[in-house]
Amino acid sequence: MGQIKNIIWDWNGTIVNDAFLFVEIMNGVLKKEGLPLISLEDYKNNFCFPITQYWKSLGFVFSRTSFDILNAQFIDNYKKQMFRPKLHNGIIGLFKYIKNKNIHQFVLSASEHTLLKKSVSFYGVKGFFKAIRGVDNLNALGKEFLGRRLCLEYQLNPQNTLLIGDTEHDVDVSVSIQTQVLLVAFGHISKNRLLATKQNVVDSIEDIKSFI
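The rules we used
Residues numbered from 1 in each chain as written. Predicted model: local features only at pLDDT ≥ 70, side-chain atom pairs only at ≥ 80, totals over all residues. Heavy atoms only, no water. Helix = DSSP H or I, 4+ residues; strand = E, 2+ residues; numbered from the N terminus. Rg over C-alpha atoms; globule rule 2.2 N^0.38 Å. Buried < 20%, exposed > 50% of the residue type's maximum accessible area, 1.4 Å probe, protein only. Contact = heavy atoms within 4.5 Å. Areas by Shrake-Rupley, 256 points an atom, 1.4 Å probe, with all protein chains shown as cover. Lys, Arg positive; Asp, Glu negative; His and termini not counted. Charge placed at Lys NZ, Arg CZ, Asp CG, Glu CD. Axes fitted to C-alpha atoms, helices over the stretch in contact; angles between N-to-C directions. Parallel < 35°, antiparallel > 145°, perpendicular 65-115°, else oblique. Left-handed = near helix turned anticlockwise from the far one by under 90°. Pairing = 2+ DSSP bridges. Right-handed = clockwise from strand over helix to strand, strands pointing away.

**Student:** Hey, could you run me through the overall build of the protein chain in this one?
**Tutor:** The helix and strand tally for the protein chain stands at 10 helices and 6 strands. Expected size for 212 residues packed as a compact globule is a radius of gyration near 17 Å; at 17 Å, the protein chain falls within 12% of this value. Per-residue burial for the protein chain yields a buried fraction of 51% across its 212 residues. Nonlocal contacts in the protein chain, meaning residues at least 24 apart in sequence, comprise 66% of its contacts between residues at least 6 apart. For the protein chain, the exposed surface amounts to about 10,300 Å²; the carbon and sulfur share of it is 50%. The distance from the centre of the 25 positive side-chain charges to the centre of the 19 negative ones in the protein chain is 7 Å.

**Student:** How should I be thinking about the packing of helix α7 (residues 143-153) against helix α8 (residues 168-177) in this particular structure?
**Tutor:** Packed helices, taken two at a time, are described by the angle their axes make and the gap between the axes. For the pair α7 and α8, interaxial distance at closest approach is 9 Å and the crossing angle is 40°. With respect to their mutual orientation, α7 and α8 come out oblique. For α7 against α8, the interelement crossing comes out right-handed. Of α8, the residues touching α7 (which contributes K143, E144, G147, R148 and C151) are H169, D170, D172, V173, S176 and I177.

**Student:** Would you mind going over the pairing of strand β2 (residues 104-112) with me for this structure?
**Tutor:** Looking along a regular strand, one sees the side chains alternate between the two faces of the sheet. Taken across its 9 residues, β2 has 8 buried, putting it largely inside the fold. The pairing of β2 with strand β3 (residues 131-135) spans 4 bridges and is classified as parallel. Bridge pairing in β3 links V107 to I132. The β-α-β motif built from β2, the intervening helix α6 (residues 113-122) and the parallel element β3 has right-handed crossover chirality.

Dropping the structure here:
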């Protein structure tokens, strides 16, 4: 891989420390449905894409319609609390470091685009990113397509573009857009699962800086 000129960031878990909030909201849905509650460790060991598969693993049995209803309830609760989490410590300093190295930064997320833009603006980091892209649905579908379109739109050379994320799905996206990937072990997925992908995994913001 050549010198890094572009970094594509995932948002939830990678930049915002919000895994705990997803657990709290999911436990509210589980309790309402009379299903066993989960811990943060459970979540990190089992969360996956597509999210319908994850919900089924928790004991939900639904038709397409009932999933959309349950997921809409989840998203409504998320909207009410989405600004509770904080950014990971040191991430803004890292953004500044990367900007000073003249590396272009982008956000690519499975979050719905309008919610993503609100979140990026709320945390005051919009100015670091050349583009912000979220999906057009509430079911976290389409990140690979968005990634390909982003690379075409900004003529990003995969050889000097790095995707930074916190899930196995980010590996799938990196394969789709043919970039290198760096996985962070402080997000939504356990370190052991990330290591199983055989990709580079780091434990801290400082480790990201060293990798770059």
